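The chain contents come next:
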Amino acid sequence: MTPLPPVLSVRDLVKRYRNGTLANDHVCLDLFPGEVFALLGPNGAGKTTLVRQLLGLARPTSGSITLDGVDIVADPGFARRNIGFLPQGSFDLQSLTVAETIEFAARLRGVPPREARAAAARLVERLDLGPFRNTAMHAASGGVRRLAGFAAAVAAPARLLVLDEPTNDVDPLRRAVLWDLIAELGRGGATILLVTHNLAEAERVIDRLAIMNAGRIIREGSPAALRGLVTERLRLEVTAARPLAPHPALAPDGPSSCLFDAADLPAVAAWLARLRAAGDVLDFRIGPPTLDDIYAAAMAPAAPGGSAPLPAGARA
Ligand SMILES: Nc1ncnc2c1ncn2[C@@H]1O[C@H](COP(=O)(O)OP(=O)(O)OP(=O)(O)O)[C@@H](O)[C@H]1O
């Protein structure tokens, strides 16, 4: 079967600001239909710069960006019409109510009035925003503004959704609904670029991810492929009844939550069983490394004498 062409294709993208900062250094990226793709990286890595160019809000120094094959450097309007965007910052239309904001966003992207109103009503219901429907955006809490912004981004059909920290300030119950909705949109065929530091929650919706550092993509692949960075390690979470003397295999950061060598599993399991029988440990969980662990491993300084090896298949 021939793979579908990418929705978004970025080739050799370079962005150098006027002050000389090289914010994107030959970035290449392909996003395929229906995938939820996470862009990760520390502060200042170049993520916002990349997003601004994808949206046609900043001009690349060199390189190309196409959306559905259309050159959006030459036609930035095409990007603005076809990308749903939840920005990191606050919303501009502060005098509109929550429901009006969502409806207005849909209208701006060409949805007829009746459908725009229906889409807003559906999203208000789904995100449990009913009590805030008629609250003016400027008077809404940070979390409600965030949810309204999310609803505004997804209220009209889009070729690509760019969601920058969608769950910031959102309460845990609505956050769970929001992640469900993101996963559903992906399953429904939407292509989603997620910029987030919240790896623990994003983990269950992500199909592929890229880690940026200093303007470059340093790792790219599915979470499963990138787990190659931390093979031979397991993560232990312990609920203890009282402070525990550390086990040598878990030092120095154990044992409440830590990584340990898989080879030490028999010793660690026997130690936990003893503590559990004595009532010192109430509960424990041993599982594979998390996305946070993968990220930390990717960002760790290279071992002396060379750079960290790239695991097979870690770069798609
Ligand atoms: N308008 C600008 N002029 C000059 N330098 C800039 C400008 N905007 C960003 N930079 C610099 O470009 C680099 C990348 O910044 P960018 O905002 O893209 O990073 P980021 O990964 O989005 O960071 P964060 O996670 O903190 O939002 C940084 O060194 C930043 O200081």
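Residues numbered from 1 in each chain as written. Predicted model: local features only at pLDDT ≥ 70, side-chain atom pairs only at ≥ 80, totals over all residues. Heavy atoms only, no water.

- Going by the annotation in an unreviewed UniProt entry, the name recorded for the chain is ABC transporter ATP-binding protein, with Tepidiforma bonchosmolovskayae given as the source organism.
- Of the chain, the UniProt comment under Sequence similarities (unreviewed entry) reads exactly: "Belongs to the ABC transporter superfamily." (UniProt positions renumbered as here; feature names shortened; annotations may be inferred.)

### Quick word on the sheet that holds strand E2 (residues 22-31)
- As summarised here, the arrangement of the four strands in space is E2-E1-E4-E5, forming an open sheet in which the pairing is antiparallel. The sheet is open, and its two borders are formed by E2 and strand E5 (70-71), each paired with just one other strand.
- Examined bridge by bridge, strand E4 (residues 62-67) and E5 share two bridges and lie antiparallel to one another. Paired with Thr-66 across the strands is Asp-71, a residue of E5.
- Lying over the sheet, helix H1 (residues 47-54) contacts strand E1 (8-16), E2 and E4, oriented at roughly 120 degrees with respect to E1. (Pairing = 2+ DSSP bridges. Helix = DSSP H or I, 4+ residues; strand = E, 2+ residues; numbered from the N terminus. Contact = heavy atoms within 4.5 Å. Axes fitted to C-alpha atoms, helices over the stretch in contact; angles between N-to-C directions.)

### Some thoughts on the domain arrangement of the chain
- Partitioning the chain into structural domains gives domain 1 (8-221) and domain 2 (230-295).
- Centre-to-centre, using C-alpha coordinates, domain 1 lies 37 Å away from domain 2.
- Listed as interface residues are nine residues of domain 1 and, on the opposing side, four residues of domain 2.
- Carbon and sulfur atoms supply 71% of the area that domain 1 and domain 2 bury against each other, a total of about 610 Å² over both sides.
- Broken down residue by residue, the surface that domain 1 buries against domain 2 is led by Leu-199, Glu-203 and Ile-211, which jointly contribute 64%.
- Applying the counting criterion to the domain 1 and domain 2 interface returns zero salt bridges.
- Inspection of the domain 1/domain 2 interface yields one residue pair in polar contact (both at pLDDT 80 or more).
- At the level of elements, helix H7 (199-202) and strand E9 (208-213) are the ones that each hand at least two residues to the side of domain 1 that touches domain 2.
- Grouping the constituent residues of the side of domain 1 that touches domain 2 by class yields seven nonpolar, one polar and one charged. (Domains from an automatic or database assignment. Buried area = accessible area lost by both parts, 1.4 Å probe. Salt bridge = Lys/Arg side-chain N within 4 Å of Asp/Glu carboxyl O. Polar contact = N/O pair within 3.5 Å; in protein donor to acceptor, adjacent residues only side chain to side chain. Nonpolar A, V, L, I, M, F, W, Y, C, P; charged D, E, K, R; others polar.)

### Re the site of the ligand
- Residues in contact with the ligand amount to 13 residues; listed here are only the nearest, Gly-44, Gly-46, Lys-47, Thr-48 and Thr-49.
- Within the side chain of Tyr-17, an N or O atom sits 3.5 Å from a nitrogen atom of the ligand.
- Burial of the ligand by the surrounding chains reaches 62%, relative to a free accessible area of 630 Å².
- Looking at the shell around the ligand, the element that brings in the most residues is H1, giving three residues.
- Each residue belonging to the shell around the ligand can be placed in one class, and the counts come to four nonpolar, eight polar and one charged. (Near = heavy atom within 4 Å. Areas by Shrake-Rupley, 256 points an atom, 1.4 Å probe, with all protein chains shown as cover.)

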